[in-house]
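A closer look at the structure
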Amino acid sequence: MSNELSRNERIKEASDYLRGTLAEGLRQEITGAISEDDAQLVKFHGMYLQDDRDLRPERTRKKMEKAFAFMIRVRVPGGVLSTAQWLALDRVARDYGNGTVRLTTRQSVQLHGVIKSNLRPTLQAIDSVLLSTIAACGDVNRNVMCNPNPDVSRAHAAALDLARAISDHLTPRTPAYREIWLEGERVAGGDHDVVEPIYGKTYLPRKFKIVVAVPPSNDVDVFAHDLGFIAILDQSGNVQGWNVSAGGGMGMTHGEPETYPRTADILGFSESSDALAIAEAVVTVQRDWGDRANRKHARLKYTIEDRGIDAFRAEVERRAGTRLATARPFAFTSTGDRYGWNEGADGRGHLTLFVASGRVRDAGPRAEQLSALRRIAEFHDGDFRITANQNLIVAGVRPQHRHAIEQIAASNALLAPQQGLRRNAMACVALPTCGLALAESERYLPDLLEALEAKLAAHGLANDEIVIRMTSSRSSWLGSVWTISGSPSA
């Protein structure tokens with residue numbers, strides 16, 4: 001293994017805790033872009049520099065700069081948004097973005113098409129409703145996921161509490177975010193006081209992903225992540241503690257066998273009081289043991305493969321100051337969303353909506369989905385919950401509001417379709433904005449579904465629960481089709 005740091009590591013080390021030259025780059029009105037190094041740093045602030053690839057050929061012929069804009073990702077621990085927060089994101093999407101809100105498989109929100117001059121107003125509007133984009137991207141802990149099932153049990157409330165606590169604990173402490181985007185003042189002579197107690201000056205070797213799962217639902221796909229907490233319940237449904245998993249990741253680079261998908265190992269059982277210490281210990285071990293020379297070998301799964309699970313567990317226990325007990329029994333029986341109405345223990349209802357590939361937009365008559373959700377948010381006094389399948393739950397609905405919310409959803413194509421294939425299909429964004437895309441994905445999926453549904457109907461399979469995951473990236477999971485037993489919508 002080479003001891004030479006990768007380019008990204010050198011950029012982080014010289015960044016002055018993620019400042020780089022971002023502030024200066026924002027003042028350069030001659031270009032819609034930022035410097036190449038800053039384009040890496042800005043990911044830690046929750047955004048990616050992109051351009052509209054549909055416009056590249058024409059702009060190239062005219063010797064014009066690419067049509068640069070930023071994708072902004074909002075950190076939403078556990079996927080739970082208040083209606084005030086949803087309305088703020090809706091407003092940002094219409095005022096500064098491309099008029100759409102995209103729900104992600106990490107239960108967060110992406111806003112596309114924000115030009116450089118609108119970055120500060122956008123992030124300030126997001127901050128005004130107590131949301132942030134810091135650490136939504138970059139070599140840090142990303143958005144912490146958890147089972148989005150509304151408060152039908154104490155276990156789900158505990159899972160959300162843990163997800164939020166982990167997110168807060170592992171949020172970078174650098175003041176650069178507030179200085180650059182929220183116009184906070186930099187304290188003269190205070191540079192020596194800037195520390196990252198968990199991440200250090202160079203943060204993590206690669207991105208890091210944490211989830212909290214509540215059996216029997218594994219909707220967050222706990223074994224596909226760097227770190228997972230699996231709720232262990234007593235006979236009354238209370239959380240006894242958490243089985244801890246580590247070392248998962250499904251990414252690979254095709255044609256490079258040294259990269260490969262891996263499911264997580266179970267490290268053991270943790271008491272709830274030790275969960276934060278365990279989370280920090282796993283992160284700091286990866287910080288110190290992870291590969292900083294080869295980014296393709298820098299995820300936690302490779303660290304565990306190289307060092308061995310026993311050595312890794314022992315180091316985590318040493319740093320956390322606690323011992324993990326033997327893992328306790330649990331069982332997962334489902335992965336999908338429960339569409340339609342579900343009843344809460346408090347008498348309120350929860351309506352799971354269907355959002356095709358997570359893209360909320362006003363797409364014409366009977367599909368004004370962004371406007372429909374805005375109307376619901378204006379009178380609904382519960383919250384919105386993003387699922388790992390890019391759908392949305394209108395949670396905590398009062399009985400007197402149920403009919404109005406269902407009518408708004410039904411008249412704007414937000415209720416789950418009958419076809420099993422369409423209910424379980426998702427696509428990545430791909431063209432025209434993703435720089436890694438090799439082909440169409442989200443824009444082509446509707447045509448693909450139409451063609452496949454015609455074939456399935458001819459063979460009496462229209463309602464079978466067939467799952468499609470479609471991507472165009474050369475370094476992500478393959479676009480694939482497979483059938484699963486059972487019914488995710490049950």
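Anything mentioned here points back to the structure above.
Structure report, in brief. Keep in mind the model is a prediction, meaning the values are calculated, not measured. (Residues numbered from 1 in each chain as written. Predicted model: local features only at pLDDT ≥ 70, side-chain atom pairs only at ≥ 80, totals over all residues. Heavy atoms only, no water.)

Remarks on the layout of surface pockets
Using the following cut-off: Think of a 1 Å grid over the protein atoms and nothing else: a 1.4 Å probe that fits but is trapped marks a cavity, an open set flanked by protein within 12 Å on at least five of seven lines marks a pocket, and residues with an atom within 4 Å of a point count as lining. Grid points are joined across faces, edges and corners, and a volume is the space filled by probe spheres set on the points. By the criteria applied, helices consist of DSSP H or I runs no shorter than four residues and strands consist of E runs no shorter than two, each listed in order from the N terminus.
A volume near 790 Å³ is recorded for the second largest pocket. Along its surface, the second largest pocket is lined by 34 residues, and Thr100, Arg359, Arg361, Glu442 and Arg443 are the ones closest to its centre. Going through the elements one at a time, β1 (47-51), β2 (68-74), β5 (109-114) and α15 (445-458) are the ones with two or more residues in the lining of the second largest pocket.

Some remarks on the pattern of salt bridges
Just so we agree on the cut-off: Only one rule defines a salt bridge in this text: a Lys or Arg side-chain nitrogen within 4 Å of an Asp or Glu carboxyl oxygen. Remark: exposure states derive from per-residue accessible area (1.4 Å probe, protein chains only) relative to the maximum for the residue type, with buried under 20%, exposed over 50%, and partly exposed in between.
Within the structure shown, the criterion is met by 34 salt bridges. Between Asp90 and Arg94 there is a salt bridge, with its nearest N and O atoms 2.6 Å apart. Here the residue Asp90 and the residue Arg94 both occupy positions in helix α5 (residues 83-95), the gap between them amounting to 4 residues, near one helical turn. For Arg94, a relative accessible area of 41% gives the class partly exposed.

Examining the sheet that holds β5
To keep it simple, the criterion reads: A pair of strands counts as paired when DSSP detects no fewer than two bridges linking them. Here, two residues are considered to be in contact whenever any of their heavy atoms come within 4.5 Å of each other. What counts as an axis is a line fitted to C-alpha atoms, over the stretch in contact for a helix, and the angles between N-to-C directions run from 0 to 180 degrees.
Spatial strand order, β1-β2-β5-β4-β13: 5 strands in an open sheet with antiparallel pairing. Of all strands in the sheet, those with a lone pairing partner are β1 and β13 (359-360), marking the two edges. The pairing of β1 with β2 spans 5 bridges and is antiparallel. Looking across to β2, one finds that Asp51 is bridged to Phe68. This element, helix α6 (residues 119-127), spans β1, β2 and β5 of the sheet and lies at about 10° to β2.

Brief notes about helix α7 (residues 154-169)
Condition: In a helix, the anticipated span is given by 1.5 Å times the number of residues less one. Throughout, the arc means that of the directions going from the helix axis to the C-beta atoms.
Here α7 contains 16 residues, and its C-alpha end-to-end distance of 22 Å stays within 8% of the 22 Å for a straight helix at 1.5 Å per residue. Turning to α7, its buried residues are Ala155, His156, Ala159, Leu160, Leu162, Ala163, Ile166 and Ser167. The buried residues of α7 occupy one face: seen down the axis, they fall within an arc of 160°. Those residues of α7 that are exposed and angled more than 90 degrees off the buried face are Arg154, Asp161 and Asp168.

Looking at the pairing of β5
Where burial is concerned, most of β5 is hidden: 5 out of the 6 residues are buried. Pairing of β2 with β5 involves 4 bridges; the strand directions are antiparallel. Bridge pairing in β5 places Ile72 opposite Leu111. Both strand β4 (residues 101-103) and β5 contribute to a ladder of 2 bridges, which runs antiparallel. Note that in β5 the partner of Leu103 across the bridge is Val109. In sequence, β4 turns back onto β5 through a hairpin of 5 residues, with Gln107 there showing a positive phi of about 60°.

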